[in-house]
Every structure is written in structure tokens, then in C-alpha cells.
Amino acid sequence: MNLDFTYPNENLAQIVALKSDFLNNHNIKLFVKADYLIHPQIAGNKWRKLKYNLDFAKKTNKKTLLTFGGAFSNHIYATAAAGKVFGFNTIGIIRGEEIKELNFTLDFAQNTCGMKLIFVDRTTYKILTQEKNYTILSKIIENYIPESILILPEGGTNDLAIKGCEEIIDQRDFKKFDFICACVGTGGTMAGIIQASQNLSNIIGFSSLKGDFLKYDVANLISQSNAKKYTNWEINTDYHFGGYAKYTSELKKFISDFELQFQMPIEFVYTGKMFFGIFDLIKKGYFKPNTSILAIHSGGLRV
Ligand SMILES: *Cc1c(COP(=O)(O)O)cnc(C)c1O
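A short tour of the structure in this document, coming up. Treat the numbers as computed from the prediction; the structure is a model and nothing was measured. (Residues numbered from 1 in each chain as written. Predicted model: local features only at pLDDT ≥ 70, side-chain atom pairs only at ≥ 80, totals over all residues. Heavy atoms only, no water.)

## Description of the sheet that holds strand β1 (residues 15-18)
Stage number 1. An order of β1-β2-β10-β7-β8-β9 is seen for the six strands of this open sheet, with the pairing classed as mixed. Two strands close off the open sheet at either side, each with one partner strand: β1 and β9 (233-236). The sheet shows a mean angle of 25 degrees between the axes of neighbouring strands, taken without regard to direction.
Stage number 2. As paired strands, strand β8 (residues 202-207) and β9 are joined by four bridges and run parallel to one another. Directly across from I203, in β9, lies its bridge partner W233.
Stage number 3. Helix α8 (residues 188-197) rests against β7 (179-184), β8, β9 and β10 (292-296) of the sheet, and its axis sits at about 180 degrees to β8.
Stage number 4. Along the sheet, helix α9 (residues 214-221) makes contact with β7, β8 and β9, crossing β9 at roughly 145 degrees. (Pairing = 2+ DSSP bridges. Helix = DSSP H or I, 4+ residues; strand = E, 2+ residues; numbered from the N terminus. Axes fitted to C-alpha atoms, helices over the stretch in contact; angles between N-to-C directions. Contact = heavy atoms within 4.5 Å.)

As C-alpha cells, then:
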């Protein structure tokens, strides 16, 4: 796959309306914020999360970006591409033993973008991903000067990432929609949207992971001074389809029907689950007639 060397362009991410008989019949207006169009490989929320970190790295003369992820990580994929486009070396600490043949994500990261991949077992991974060990980690990376490395956390969520996610929706757009829907992995994107919202719309985060912990994670990511202020959000855990990157034939069918009908690509790890959830909630009458919903298409496509 060829890397697109143009810079990410946020102006390409417009709000578009989805039109269908189903939506008409239920009297629901559904719009999509098309953040997946920002860049083919540094797309969606991964760009939002990298943006101010890349700025910071440039300003502080970092040469290398180091980050962590599983073999299918969108964050690894986008960081590798961003390194190449913005002129940084990249290192990916990958959870799991080295695989004989690199999958699409890792092949792109290493062979197209030149990311150095370091495979570690799960126990080591757990230790290295802790922020308190970042200094040691940058010191043991051979041939690199510790001061020249910027370490980005697993999934890319830090304060600068959340700042970038606050820009996904323009301030003036919040009051135009009754509901904002977003996908949730680490919760960084959701935290940014909540902080930008000023309580002006209801926000539903669709969890791609199994478990009930994300509401605490998101609350912790909202800055302390604001934590109590925002009461306008919830995490929906009914559409994870078994957990991270798990899927069923029902989800796969929904995705291909959706893509055919709306001519918009989605995928099964994040956006497919969110749109499935939105349509299912509409079917069940969760939204009052005449509700307008804005769904954030946060990317995740492999192109
Ligand atoms: C990574 C990713 C997410 C998860 O974002 P968080 O900020 O970690 O919650 C959501 N959607 C897509 C498409 C992603 O690639």
C-alpha cells in the first residue's frame, strides 16, 4: 500500500446527511461528521490525537516518536504514517511474540513507513506501557538520545490528544444536534467531545470493548476541574459484539448493507458497531421523533 504524503486536511471532514426510508419512517435525522476523510492513513480521531503531539515534538526538537499497540492497532498504523509524512523516526512496541508474517497493519508500519517494531511479551508490555517507566524505556532504546524521544501512550490518549479531540465538532454545531454519537476505545476521543460540548447536546459513546469500566476511564480523562460539570453523556455497552475486534455475521451483514446504501465505508472494530447501535436504538424507539443525531465517523479504515 502506498502512503499518501499530503498533509492531513481537516476541511475535508464535513457534516453530511444520511438519507433512507428507514430514517424517514422513524422521523430521525442522522448526520455524519466525516473525520475519516482527513487523510487516507492518518485519519479520523488518530489525526486529532496526534496533531498537537506532533506540534509539541517539532517544537521540542524530538527526532523519534515511540508508542505501543497490539498487532491490529489503528494508533500504530497512524503514528507510523505520521512519522513518515512529518519527518520523525518511529518505534512501535508491539504486544505479543513476533509473528512469522507481518499482518497488514504491521507490514504497512514497518515496510512502507519505516517504523522500527519491537515485539515484547504481554508481561513486559504491561511494564513498558506504564508512564512511570517511560524514562527508563527511552534510555534503553539503543542509538537514541533519551531527550530526543517523544513517548505516546498506548492508544495515543494524553492531554494533547484530548485537546485535539475537542476540535472534532465545531462549538457552534453542538446545539444543532440533540445527540452526538462516538466510538469508544480508550475514551480519549469521548473526553474531548464532552469537554467541548459545554453540555449543549447529549453524547452517547458506543463501547467497542467488553466490560463496564469505560465510564470511569472517560470520567478520569475529563480534567478534574470539569469532571462534575458534565452530566450530558453516557457509555452504551450493548454493542461490543463480544469485545475488541470481535464480530458476528449479523454485524458483517449490517456493515455491507450500510456501505451499499449510504456509499460510506465503515469497519467492524469501531464505526460498524456504533452505527449498528444507532440503528438498533432507532428501531427500538430510543430516540423521540424529530431527533437529530450527529455520528462521528472516526476512521479506522485500512486504505
Ligand atoms: C482508535 C479508534 C477509536 C477509539 O478512540 P479512543 O479515543 O481510544 O476512545 C474510535 N474509532 C476509531 C475508528 C478508532 O480508530
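Let us keep going from here.
## Quick notes on the nonpolar core
Stage number 1. Judged by nonpolar contacts, the single largest core of 34 residues is most densely connected at L18, F258, F275, I278 and I293.
Stage number 2. Sorting the residues of this core by element identifies β2 (29-33), β7, β8, α10 (249-262), α11 (271-283) and β10 as the ones contributing at least two each.
Stage number 3. Considering every element that reaches this core, the biggest residue donor is α11, with seven residues.
Stage number 4. Residues in contact with L18, not counting those within four places in the same chain, are L23, L30, V32, F258, F262, M264 and F275.
Stage number 5. In terms of nonpolar packing, the next biggest core, distinct from the first, is built from 29 residues, A78, A82, V85 and C113 among them. (Core = buried A, V, L, I, M, F, W, Y, C linked by side-chain atoms within 4.5 Å. Buried < 20%, exposed > 50% of the residue type's maximum accessible area, 1.4 Å probe, protein only.)

## What to know about helix α3 (residues 74-86)
Stage number 1. If you check α3, its first and last C-alpha atoms are 18 Å apart, about what 13 residues at 1.5 Å a residue would give, namely 18 Å.
Stage number 2. Restricting attention to buried positions, one finds in α3 the residues N74, H75, I76, Y77, A78, T79, A80, A81, A82, G83, V85 and F86.
Stage number 3. Contacts made by the buried residues of α3 are with α2 (44-59), β3 (64-69), β4 (89-95) and α4 (104-112). (Expected span 1.5 Å × (residues − 1).)

## Remarks on α8
Stage number 1. Of all 10 residues in α8, 10 are buried; the element is thus mostly enclosed.
Stage number 2. Of all the positions in α8, only G188, T189, M190, A191, G192, I193, I194, Q195, A196 and S197 are classed as buried.
Stage number 3. Following α8 by one or two positions, Q198 has its phi on the positive side, about 50 degrees.

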